[in-house]
Amino acid sequence: QVQLVESGGGLVQAGGSLRLSCAASGRVFSNYAMAWFRQAPGKERECVAAISRSSASTYYADSVKGRFTISRDNAKNTVYLQMNTLRPEDTAVYYCAANFLNMRVHVDEYDYWGQGTQVTVSS
């Protein structure tokens, strides 16, 4: 079993920054690709960023590219999402997800999920 716990969400003004963290436990962290998803009210959950086991590959949704950066520290069993130049449309619950071995970008392809952390961007 893999447990994932997100932190770092909060309320910020448009143009501001936040860094989300996801701490993993229960399995060998380096065996898992990781991703950040978000879900706004009335919308489908979407992948905003993903990263492979060794950080050799990354993926970003068009809506966040150039503003968000995903990274991981396998020694600390932690994945991060640095969010800059935040916009009101970024408001959502952000979820950390883990998938064994291979990097994916679809909700139904991930094995483990965190509880989510709320990000609210005001104008």
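Structure first, text after, so check above.
Small disclaimer: the values here were computed from a predicted structure and weren't measured.

Engineer: Outline empty space enclosed by the protein, supporting the account with residue identities and numerical values.
Structural biologist: In total, this model carries 1 cavity of 30 Å³ or more according to the counting rule given. Here the largest cavity is characterised by a volume of approximately 40 Å³. What lines the largest cavity is V2, A24, S25, R27, V28, F29, Y32, M34 and N77. If you list the elements that add at least two residues to the lining of the largest cavity, you get β3 (18-25) and β4 (32-39).

Engineer: So what's going on with the nonpolar core? Residues and values would help.
Structural biologist: Membership of the largest hydrophobic core comes to 29 residues, with the highest contact counts inside it found for L4, M34, W36, V79, L81, M83 and Y94. Apart from residues lying up to four places away in sequence, Y94 is in contact with E6, L20, W36, F37, R38, F68, L81, M83, G116, T117 and V119.

Engineer: Kindly report on the pattern of salt bridges, identifying the contributing residues and their values.
Structural biologist: In the structure shown here, the tally under the stated rule is 5 salt bridges. Among the salt bridges present, the one from D62 reaches K65, with a minimum N-O distance of 3.5 Å. No difference in accessibility class separates D62 from K65, as the two residues are exposed. Here the salt bridges share partners, and the residues they tie into one network are R38, E46, R67 and D90.

Engineer: So what about the state of the cysteines? Which residues, and what values?
Structural biologist: Scanning the entire structure with this criterion turns up 1 disulfide. Put simply, C22 and C96 are joined by a disulfide, and their sulfur atoms are 2.1 Å apart. Between C22 and C96, the disulfide has an S-S torsion of -80 degrees and is therefore left-handed. Within this pair, whereas C22 is found in strand β3, its partner C96 is found in strand β9 (residues 92-100), the two being separated by 74 residues in sequence. C96 gets classed as buried once you look at its relative accessible area, which sits at 0%. Not part of a disulfide, C47 finds its nearest cysteine sulfur in C96, a span of 11 Å.

Quick notes on the rules
- Residues numbered from 1 in each chain as written.
- Predicted model: local features only at pLDDT ≥ 70, side-chain atom pairs only at ≥ 80, totals over all residues.
- Heavy atoms only, no water.
- 1 Å grid on protein atoms, 1.4 Å probe; cavity = no way out; pocket = protein on both sides within 12 Å on 5 of 7 lines; lining within 4 Å.
- Points joined across faces, edges and corners; volume = space filled by probe spheres on them.
- Helix = DSSP H or I, 4+ residues; strand = E, 2+ residues; numbered from the N terminus.
- Core = buried A, V, L, I, M, F, W, Y, C linked by side-chain atoms within 4.5 Å.
- Buried < 20%, exposed > 50% of the residue type's maximum accessible area, 1.4 Å probe, protein only.
- Contact = heavy atoms within 4.5 Å.
- Salt bridge = Lys/Arg side-chain N within 4 Å of Asp/Glu carboxyl O.
- Disulfide = S-S within 2.5 Å.

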